[in-house]
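Residues per chain are reported as follows:
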Amino acid sequence: MEDVATGRSTRWEQRRGTGSGAEQQVPIYVAIGASLAAVYGSAERRAGKPAGFALAMFDEAFSKMDGKNQRQMMSFYKNLGLQFVIAAPFEKRVAVLEHMDTIVEVDRIGEQSRATVVELKEKAKRELMAIDPDLMSEDELATRLAAE
């Protein structure tokens, strides 16, 4: 790993286990995404070429990351041309909604399960992105916080 600001290089073995949960997860998820994109060839997609499946599946995806890092990771995967399926608890969903096309909610009541499918349209995604604090300028964020 190289710090782009200082140019200092560090090996993964030296850094492993020294940071927060997110600091430990991010490099692994970046490597997984880059590896999948290389295997699928999704990073080299061009207009007019057939697109492959490029599927990435995760259980408890990005579990130790905060919302900002989760959104950045989802954007990274999208930019690599990957389609992702994630299983996550309800409370983690808010951070990644703007990147989802379909949500399948599974509820278990006793011995029975129920599934509800929700599709997010482009308008809903745009509105979610418009209220995303990570995408707001400092002035927009200050105005919004002052109003609340």
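Quick caveat: nothing in here was measured; it's all calculated off a predicted structure. The residue numbering used here restarts from 1 in each chain and proceeds along that chain's sequence as written. Reporting in this predicted model follows two pLDDT cut-offs: at least 70 for local features of residues, and 80 or more for side-chain atom pairs to be given and counted; totals over whole chains, interfaces and linings ignore these cut-offs and use all residues. Only hydrogens and water are removed before side-chain values are computed, so all heavy atoms of the structure are retained for them.

**Q** Honestly, the overall build of the protein in this entry has me stumped. Any pointers?
**A** Assigned secondary structure in the protein consists of five helices and four strands. Secondary structure counts use DSSP, requiring at least four H or I residues in a row for a helix and at least two E residues in a row for a strand, with both numbered from the N terminus. Ordering the α and β elements of the protein from the N terminus gives α-α-β-α-β-β-β-α-α. Throughout, exposure labels follow a simple rule: accessible area from a 1.4 Å probe, protein chains only, divided by the maximum for the residue type, with under 20% read as buried, over 50% as exposed, and the rest as partly exposed. For the protein, buried positions account for 23% of its 148 residues. When contacts within the protein are restricted to residue pairs at least 6 apart in sequence, those whose partners lie at least 24 apart make up 52%. Each accessible area is a Shrake-Rupley result for a 1.4 Å probe, and residues are judged covered by the shown protein chains and nothing else. Looking at the protein as shown, the accessible area adds up to about 10,700 Å², and 54% of this sits on carbon and sulfur atoms. Contacts between residues were defined by any pair of non-hydrogen atoms, one from each residue, lying within 4.5 Å.

**Q** Could you clarify how one ought to interpret the nonpolar core in this entry?
**A** As a rule of thumb, soluble globular proteins bury nonpolar side chains together. If you look at the biggest cluster of nonpolar residues, it comprises 20 residues, and the most contacted ones within it are Tyr29, Phe62 and Tyr77. Within the residue set of this core, elements represented by two or more residues are helix H2 (21-40), strand S1 (55-59) and helix H3 (67-79). Looking at which element gives the most residues to this core, the answer is H3, with three residues. Once residues lying within four places of it in the same chain are set aside, the contact partners of Tyr77 are Tyr29, Ile32, Gly33, Phe58, Leu82 and Phe84. Only buried residues count toward a nonpolar core. Its members are Ala, Val, Leu, Ile, Met, Phe, Trp, Tyr and Cys residues joined through side-chain atoms within 4.5 Å.

**Q** How should the pairing of S1 be read in this particular structure?
**A** Each regular strand carries side chains that alternate between the two faces of the sheet. Across five bridges, the pairing between S1 and strand S2 (residues 83-87) is parallel. Counterpart to Asp59 in the pairing with S2 is Ala87. Here the term right-handed applies to a crossover when the path leading from its first strand over the helix to its second strand runs clockwise, the strands being oriented away from the viewer. Running through H3, the crossover from S1 to the neighbouring parallel element S2 is right-handed. The criterion for strand pairing is that DSSP finds at least two bridges linking the strands in question.

**Q** Explain the confidence of the model for the protein here, please?
**A** Low pLDDT means the predicted atomic positions in that stretch should not be read closely. Mean pLDDT over the protein: 79, with 80% of residues reaching 70 or higher. Put simply, helix H1 (residues 12-15) is where the protein has its lowest mean pLDDT, 64, and strand S4 (residues 112-119) is where it has its highest, 91. Scored from 0 to 100, pLDDT reflects the predictor's confidence in each residue.

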